[in-house]
Amino acid sequence: MHMTYDFDLFVIGAGSGGVRAARLAGALGKKVAVAENWTVGGTCVNRGCIPKKLYAIAAHYREDFEDAKGFGWKVPTPKFDWNKLVKAKVKEIARLNGIYADVLKNAKVRFIKGTASLADPHTIKIGRKSYTAENIIVAVGGRPSHPAFEGREHTITSDEVFDLKKFPKRVLVVGGGYIGAEMASILNGLGAKISLMYRGDRILKGFDDDARRHVQEEMAKKGVRFRLGCTIKKIEKKRDGLHVFCSKGPLMIVDQVLMAIGRKPAIDGLGLIQAGVEIAHGGYIIVDEHSRTSVPHIFAIGDCTERLNLTPVAIHEAVCVIETLYKNNPTMPDHRDVATAVFSAPALAAVGFTEEEARKTYDKVTIYKTRFRPLKHTLSGRDERVLMKLVVNGENGQVVGVHMVGAEAPEIVQAAAIAVKAGLTKEQFDDTMAIHPTTAEELVLMRTPAA
Ligand SMILES: Cc1cc2nc3c(=O)[nH]c(=O)nc-3n(C[C@H](O)[C@H](O)[C@H](O)COP(=O)(O)OP(=O)(O)OC[C@H]3O[C@@H](n4cnc5c(N)ncnc54)[C@H](O)[C@@H]3O)c2cc1C
């Protein structure tokens, strides 16, 4: 017997991955619904990439004003208005929410507001209503992890920081991942006194060691104080601020504690286990190379799976599922050489292998690296250095990694990523004419191996 369902495809979560999947399936004429319990656009648009980048731009102006003086500008003392920034951001994000809603509408996707859960492998429950679907895509993303110490209710996460009513003067950022590094840099640039606490001894684990060291040193020069090898014991709210008791070092008194200790999949109450969907340690949904879960007609994409938790990756996984499901073209997402950036100040961007990874993979590795003061800072007088590093497979000359720390690193590494992905060699980099004078020209001018 051929079952009929309410929908051909039901997508849970209208974030980066979910919206793309729903929209593509809708455009193919499929009957599609997408459920969302917060805001259309998901983490990236509302509480992630976009507000973060807007605030990082805002934060950078402090230095731009200072640097302008070295170029002959007389700059009156700049004043920053937090509420104005928040308001401008809210307006821009409302515009983006509108675009996302229109995209779904134009693809004839039914948008259902509410928290969805699986009642059985083909039935989705939202409130008192139930819907059936032939195929399901789980694209619920992640949520910030919460700490387990006394006084945790006094802390905030990246979910709240962009809309704080009042700009905090003293902030403790806890966490050495990309969100911690970015938020510390942003709040520091906007004028808060920042401490960054991390349990390890160097931030940005997983990135190239030279790049990590360089970012940490440059952030320290800009005033971020690091408390490394340290964790919070408890927090007490007192009249003069939050008293933070730490595993080492003196008591800290701050206005806000921002926890950026990681994120985990938003799978609570989703009914996955009852529906037969297998989950790995840490709550990640287990998928095969086509993003298929242990239930063949249920797929999972984006941050709720343990792959690369980035917006373009979630979108790519969505596109691949639609190819596989509806275009008779089974497509595996490609997670190789994904370029990524940390929008700290200065920014770090990377593609391909770190030196450590390359040394584990290849018998012979050649490293090219350079640290230099960019032209701008000869006149600005700012003591900031750029780091650029190429990791080369010594056997065939292929550039297998590009790492850069500097204001324009994300813009430059995005372009370099094409060369890495295409498997170009160091010789081909060398054959490329420089654009002079730029920071990026160093990419094609490094001649002497460092190691
Ligand atoms: C502070 C921050 C900065 C970031 N910066 C960057 C960056 O610069 N570049 C980058 O590439 N990535 C960045 N990311 C990561 C990026 O936001 C995620 O990788 C991306 O949003 C993942 O998309 P997704 O579709 O998996 O999930 P999400 O975008 O999180 O969407 C999931 C949606 O599902 C909804 N949902 C969850 N459960 C249910 C349910 N039961 N029923 C209905 N709806 C539900 C959620 O409300 C959410 O809207 C950042 C993340 C954060 C937190």
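Residues numbered from 1 in each chain as written. Predicted model: local features only at pLDDT ≥ 70, side-chain atom pairs only at ≥ 80, totals over all residues. Heavy atoms only, no water.

K.L.:
I'm lost on the site of the ligand in this one. Help?
P.N.:
Near the ligand, the surroundings consist of 38 residues, among which Gly 17, Glu 36, Thr 43, Lys 52 and Asp 303 are the closest. Measuring from an oxygen atom of the ligand, one finds a side-chain N or O atom of Glu 36 at 2.7 Å. Between the ligand and the protein, one listed contact pairs a nitrogen atom with a side-chain N or O atom of Tyr 178 at 3.2 Å. Protein coverage of the free-state accessible area of the ligand, which is 1000 Å², stands at 95%. For the shell around the ligand, a count of residues per class yields 16 nonpolar, 16 polar and six charged. (Near = heavy atom within 4 Å. Polar contact = N/O pair within 3.5 Å; in protein donor to acceptor, adjacent residues only side chain to side chain. Areas by Shrake-Rupley, 256 points an atom, 1.4 Å probe, with all protein chains shown as cover. Nonpolar A, V, L, I, M, F, W, Y, C, P; charged D, E, K, R; others polar.)

K.L.:
Sorry, what's going on with the sheet that holds strand β9 (residues 193–198) here?
P.N.:
Backbone-to-backbone hydrogen bonds join strands into a sheet, with any given pair of strands oriented parallel or antiparallel. Strand order in this open sheet of four strands is β10-β9-β8-β14, and the pairing throughout is parallel. Among the strands making up the open sheet, the edge pair consists of β10 (225–228) and β14 (256–259). Adjacent strand axes in the sheet meet at a mean angle of 20° when their direction is disregarded. Examined bridge by bridge, β9 and β10 share four bridges and lie parallel to one another. Among the inter-strand pairings, Met 197 is bridged to a residue of β10, identified as Arg 227. Contacts from helix α6 (residues 178–190) reach β8 (170–174), β9 and β14 within the one sheet, and its direction differs from that of β9 by about 165°. (Pairing = 2+ DSSP bridges. Helix = DSSP H or I, 4+ residues; strand = E, 2+ residues; numbered from the N terminus. Axes fitted to C-alpha atoms, helices over the stretch in contact; angles between N-to-C directions. Contact = heavy atoms within 4.5 Å.)

K.L.:
How should the nonpolar core be read in this particular structure?
P.N.:
Among soluble globular proteins, nonpolar side chains are generally buried collectively. Grouped together as the largest cluster of nonpolar side chains are 38 residues, with contacts concentrated most on Val 161, Ile 194, Ile 203, Leu 204, Leu 258 and Leu 348. Residue assignment for this core shows that the elements contributing at least two residues are α3 (49–68), α4 (82–106), β8, α6, β9, α7 (209–221) and β18 (348–352). Top contributing element to this core by residue count: α6, with seven residues. Those residues in contact with Ile 203 that lie beyond four places of it in its chain are Gly 176, Ala 181, Leu 196, Tyr 198, Arg 212, Val 215, Gln 216, Met 219 and Phe 226. Core analysis: the next-biggest nonpolar cluster, separate from the first, contains 26 residues, Phe 10, Ile 112, Val 138 and Ala 275 among them. (Core = buried A, V, L, I, M, F, W, Y, C linked by side-chain atoms within 4.5 Å. Buried < 20%, exposed > 50% of the residue type's maximum accessible area, 1.4 Å probe, protein only.)

K.L.:
So what exactly am I meant to see when it comes to the environment of Arg 385 here?
P.N.:
Residue placement: Arg 385 occurs in the loop between α10 (376–380) and β20 (386–393). In this structure, the C-alpha to C-alpha distance between Arg 385 and Glu 218, residues 167 residues apart in sequence, is 7.7 Å. Apart from residues no more than four positions distant in its own chain, Arg 385 is found in contact with His 214, Glu 218, Phe 372, Arg 373, Pro 374 and Val 405.

K.L.:
Looking at this model, I keep getting lost on the layout of surface pockets. Mind explaining?
P.N.:
A probe as big as a water molecule, rolled over the atoms, marks out the empty space that is left. Reported here for the second largest pocket is a volume of approximately 530 Å³. Around the second largest pocket, the lining is made up of 29 residues, and of these Ala 56, Ala 59, His 60, Ser 344 and Ala 345 lie nearest the centre. Of all the secondary-structure elements, those providing two or more residues to the lining of the second largest pocket are α3, α6, α7 and α11 (409–421). Along the lines of polarity and charge, the residues of the lining of the second largest pocket split into 13 nonpolar, five polar and eleven charged. (1 Å grid on protein atoms, 1.4 Å probe; cavity = no way out; pocket = protein on both sides within 12 Å on 5 of 7 lines; lining within 4 Å. Points joined across faces, edges and corners; volume = space filled by probe spheres on them.)

K.L.:
What exactly am I supposed to notice about unusual backbone geometry here?
P.N.:
Most peptide bonds take the trans form, and the phi angle of most residues other than glycine is negative. Residue Pro 346 is reached from Ala 345 by a cis peptide bond, and omega for that bond is -5°. Looking along the chain, the bond that leaves His 436 and enters Pro 437 is cis, with omega of -5°. Mapped onto the elements of the fold, Pro 437 is located in the segment after α12 (426–430). Even without being a glycine, Leu 204 presents a positive backbone phi close to 60°. Within the element layout of this structure, Leu 204 appears in the loop between β9 and α7. Residue classification places Leu 204 among the buried positions, given a relative accessible area of 1%.

K.L.:
I would appreciate a short explanation of the state of the cysteines in the present structure.
P.N.:
Think of a disulfide as a covalent bridge from one cysteine sulfur atom to another cysteine sulfur atom. A full pass over the atoms with the stated rule returns one disulfide. Covalent S-S linkage joins Cys 44 and Cys 49, the inter-sulfur distance amounting to 2.5 Å. Taking the sign of the S-S torsion, about -135° here, the bridge from Cys 44 to Cys 49 comes out left-handed. Residue classification places Cys 44 among the buried residues on the basis of a relative accessible area of 11%. The structure places no disulfide on Cys 230, whose sulfur is separated from the nearest cysteine sulfur, that of Cys 246, by 4.5 Å. Cys 230 sits in the buried class, given a relative accessible area of 3%. Judged by its relative accessible area of 12%, Cys 246 falls in the buried class. (Disulfide = S-S within 2.5 Å.)

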